[in-house]
Structures are given as structure tokens and as C-alpha cells.
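Structural description and commentary
So you can see what is in the structure, the chains are spelled out below.
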Amino acid sequence: MPTEKRNIQGTNYAIFRSDTPNNAPTFLALHGFTGRGGDWADVTQRLGNSVRFVAPDLPGHGNTDAPTNPQHYSMPYIASHILQMVDTPCHLLGYSMGGRLALYLATQYPEKFTSLILESASPGLDSADARRDRKTSDDTLAEKIISKGVLWFADYWQDLSLWDSQTIAQKAYLHERRMLNDSVGLANSLRGMGTGVMPSLWDALPRLHMPVLLITGEQDSKFTDINQRMLEKLPNAEHQIVADAGHTIHLEQSDTFATIIEHHLSRFM
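Computed from a predicted structure; not experimentally measured. Within any chain, residue numbers begin from 1 and follow the written order of that chain's sequence. Whole-chain, interface and lining totals are the exception, using all residues; otherwise, since this is a predicted model, local features are given only for residues with pLDDT of at least 70 and side-chain atom pairs are given and counted only at 80 or more. Based on all heavy atoms of the structure, the side-chain values leave hydrogens and waters out of the count.

**Concerning the overall build of the chain**
For clarity, the cut-off: Labels follow the DSSP assignment, with helices taken as runs of H or I lasting at least four residues and strands as runs of E lasting at least two, numbered in each case from the N terminus. Burial classification: accessible surface area is computed with a 1.4 Å probe over protein chains only, and a residue below 20% of its type maximum counts as buried, one above 50% as exposed, and the rest as partly exposed. Throughout, a contact is declared for two residues whenever any of their heavy atoms are within 4.5 Å. Where accessible areas are quoted, they stem from the Shrake-Rupley method and a 1.4 Å probe; at the residue level, only the protein chains shown are allowed to cover. When charges are counted, neither His nor the chain ends are considered; positive counts come from Lys and Arg and negative counts from Asp and Glu. By convention, the point assigned to a charge is CZ for Arg, NZ for Lys, CD for Glu and CG for Asp.
A count of helices and strands for the chain gives 10 helices and eight strands. Projected onto the principal axes, the alpha-carbon positions of the chain cover approximately 50 × 40 × 40 Å. Counting across all 269 residues of the chain, residues that qualify as buried make up 54%. Sequence separation of at least 24 residues holds for 75% of the intrachain contacts in the chain that already meet a minimum separation of 6. For the chain, the computed accessible surface area is about 11,400 Å², with 46% contributed by carbon and sulfur atoms. Within the chain, the 30 negative side-chain charges are centred at a point lying 5 Å from the centre of the 23 positive side-chain charges.

**Remarks on the layout of surface pockets**
Applied cut-off: The way it works is a 1 Å grid over only the protein atoms, where trapped points that fit a 1.4 Å probe form a cavity and open points with protein on both sides within 12 Å along at least five of seven lines form a pocket, and then any residue with an atom within 4 Å of a point lines it. Grid points are joined across faces, edges and corners, and a volume is the space filled by probe spheres set on the points. Polarity classes work like this: nonpolar for Ala, Val, Leu, Ile, Met, Phe, Trp, Tyr, Cys and Pro, charged for Asp, Glu, Lys and Arg, and polar for all others, with Gly in that last group.
As a volume, the largest pocket reaches approximately 940 Å³. Lining the largest pocket we find 45 residues, and of these Ser 96, Trp 157, Leu 162, Trp 163 and His 247 sit closest to its centre. Of all the secondary-structure elements, those providing two or more residues to the lining of the largest pocket are helix 3 (97-108), helix 4 (128-148), helix 5 (150-158), helix 6 (168-178), helix 7 (183-193), helix 8 (221-233) and helix 9 (249-252). Of the residues in the lining of the largest pocket, the class split is 19 nonpolar, 15 polar and 11 charged.

**Examining the packing of helix 4 against helix 5**
What counts, and what does not: Every angle, taken between N-to-C directions, lies between 0 and 180 degrees, and every axis is a line fitted to C-alpha atoms, over only the stretch in contact when it is a helix. Here is the rule for angles: anything less than 35 degrees is roughly parallel, anything more than 145 is roughly antiparallel, 65 through 115 is roughly perpendicular, and the remaining ranges are oblique.
Running from amino to carboxyl end, helix 4 crosses helix 5 at an angle of 135 degrees, the nearest separation of the two axes being 7 Å. Viewed along their axes, helix 4 and helix 5 adopt a mutual orientation that is oblique. In this structure, helix 4 contributes Leu 141, Lys 144, Ile 145 and Lys 148 to the contact, and helix 5 contributes Trp 152, Phe 153, Tyr 156 and Trp 157. In terms of residue class, the contact of helix 4 with helix 5 is made up of six nonpolar, no polar and two charged.

**Describing the packing of aromatic side chains**
For any two aromatic rings, the description comes down to two numbers: the centre-to-centre distance and the angle of the planes. Going by this rule: Ring pairs shown here join Phe, Tyr and Trp side chains whose ring centres sit within 6.5 Å, with only the six-membered ring taken for Trp; geometry is labelled stacked below 30 degrees between planes, edge-to-face above 60, and tilted in between.
Under the criterion given, the structure shown has nine aromatic pairs. For the ring pair Phe 27 and Phe 53, a centre distance of 5.8 Å and an interplane angle of 20 degrees mean the geometry is stacked. Taken together, the residues Phe 27 in strand 3 (residues 26-30) and Phe 53 in strand 4 (residues 52-56) connect sequence positions 26 residues apart. Ring centres of Trp 40 and Phe 257 lie 6.3 Å apart, and the angle between their planes is 25 degrees; on these two criteria the pair is classed as stacked.

**Description of the environment of Thr 140**
Tracing the sequence through the fold places Thr 140 in helix 4. Among the residues examined, Thr 140 registers a relative accessible area of 37% and is labelled partly exposed. Put simply, Thr 140 and Leu 190 are 50 residues apart on the chain and 9.8 Å apart in space, counted from C-alpha to C-alpha.

**Things to note about the pairing of strand 3**
Counted only if it meets this: Strand pairing requires that DSSP identify at least two bridges connecting the strands.
Of all five residues that make up strand 3, five are buried, and the element is covered over most of its length. The side-chain alternation of strand 3 yields two buried faces, one formed by Thr 26, Leu 28 and Leu 30 and the other by Phe 27 and Ala 29. Relative to strand 4, strand 3 is paired through three bridges, and the arrangement is parallel. In the strand pairing of strand 4, Phe 27 is matched with Phe 53.

**Comments concerning helix 5**
The criterion, for reference: Note: the arc covers the axis-to-C-beta directions of the helix.
The set of residues buried in helix 5 consists of Val 150, Phe 153, Ala 154 and Trp 157. All buried residues of helix 5 project into a common sector of 100 degrees when viewed along the axis, lining one side.

**Description of empty space enclosed by the protein**
Over the atoms rolls a probe the size of a water molecule, and its path tells where empty space is left. According to the stated counting rule, one finds one cavity of 30 Å³ or more in the structure shown. The space that makes up the largest cavity amounts to roughly 40 Å³. In terms of lining, the largest cavity is formed by Leu 213, Glu 238, Gln 240, Ile 260, His 263 and His 264. Counting residues per element, the ones that place at least two in the lining of the largest cavity are strand 8 (237-242) and helix 10 (254-266). For the lining of the largest cavity, the element with the highest residue contribution is helix 10, accounting for three residues.

Encoded structure:
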């Protein structure tokens, strides 16, 4: 995927763009925590010329700047930058942390997006107590990332049960890519855009009338349950549960993931 460097309000972004004709439908694609825009490369190859991907490295990740101010990682701040990267309306795709950011964008700027695809995402925590506890946990982890470094964090993060469905090769691949991130960037991403500090979007779901596709892995029971709850609140949504997959469906079952996107796009042809 070709890379574009762009400065937006003082932040230098690396933006991956698939080498696709400009008349193809555009997907603004947002990666997960510890990822980068290039994480979508395998999916774009499988989709060929049918989709044009615009996939930035989010602040603190990949080759985008890692600001020292955690406020520069907040959803409103980053959203204002992301809207300048694409012509709208376009389709919006987000995975995990990127899915939470995508949902924020869709609820705040619904006129900018044709549809929304959320992979292993959530609307945040609906309890103030749960948000407070999660913020405390995220702040503690952020401090450890700074004091112990990226190698310690990559080892710690890889051992989470969330990734049990990944193969040994997939785990090794992601571990190597996590090592390329900046410790300050990862720590501030947790502090500025973690689940504990993001606004709960549960109450906004009934007002989101664009087509929404929810995708979760069969082996990711936590997020499958969350997405079933979301489905009940969204007025125009469907939920695809992918067999033999956990949290990282686009990596674990990339062919199936690409087929799901193609089928979703057929609704707009």
C-alpha cells in the first residue's frame, strides 16, 4: 500500500492508501490498539480493485507522531483530523480501538459516512463506575509501558487470553509489529482514547440510521455478546459471527472477512 505523509494541525500522519482506481468505493479504515494502517494490506489485496482503502496510522502508532499531551489522543481531537483525510461520504471501517473511534465518528458526523462496519468493537462502558475502574487500570498499564518499555509490553500483551484463537505464526507476526511502536505513544493512547475515558455511546445507537455491519469472531464470546446487545439498539444493522475466529478476524480469517465486506458493498451497487 502506498504511504502518504501529511501534517494536520501539527501532527504528522502516515496514511496508507490502496493502489485502487479513484472511482472505487472508499473505505476509511481504522486499526486497533498497537496496530497501524498497513494492518489492512492483506484484506485490500483480497478485495482487489473493488475497494479503495484510506488507512492512517493513528497517533502514537506506526509512523504517525506520538504527541506527549494525552489530550491529543482524545476521540474528538483525532476525529477532527481524520475527517480531513478523505472525501465524504465514504464507508467507515474500524477494528477494536479503531472500531470505537469509528463509532464515535459515525454518531457525531453521520452525514459524512455511507455505512459503518465494526469489527470486534464496542460503544464503550455504560456505567460510570466501570469507566472509572477501567481508567485506573489503563493508567496503571500506561505507567508500566513507560517504565518497562515496549518489549515488556509486547510480551505482556501477547499473553492476553483475547488472542488465544491466533496461530503461533500470527502471534509472532503481531508481536514483531507491536515492537515497532513508541512507548509514549502507546501509553498516551491508553490515557487519551482508552475505554475508560471515551464517552459511552450506548445511548447514541438508536439514533444511528445508516447501515451498520457488526462482525465478531465465534471464539470471542465477550465481544459477540456486546455486539448482540448493540444489534438490539441499532435501527439498521446486522451481525455476522465468523466461525473459527476470535478478536482479530481480519487476520485469522482474512478471506471470509473480505467476502463479508464484498457482500456488504453489494447493497450499495
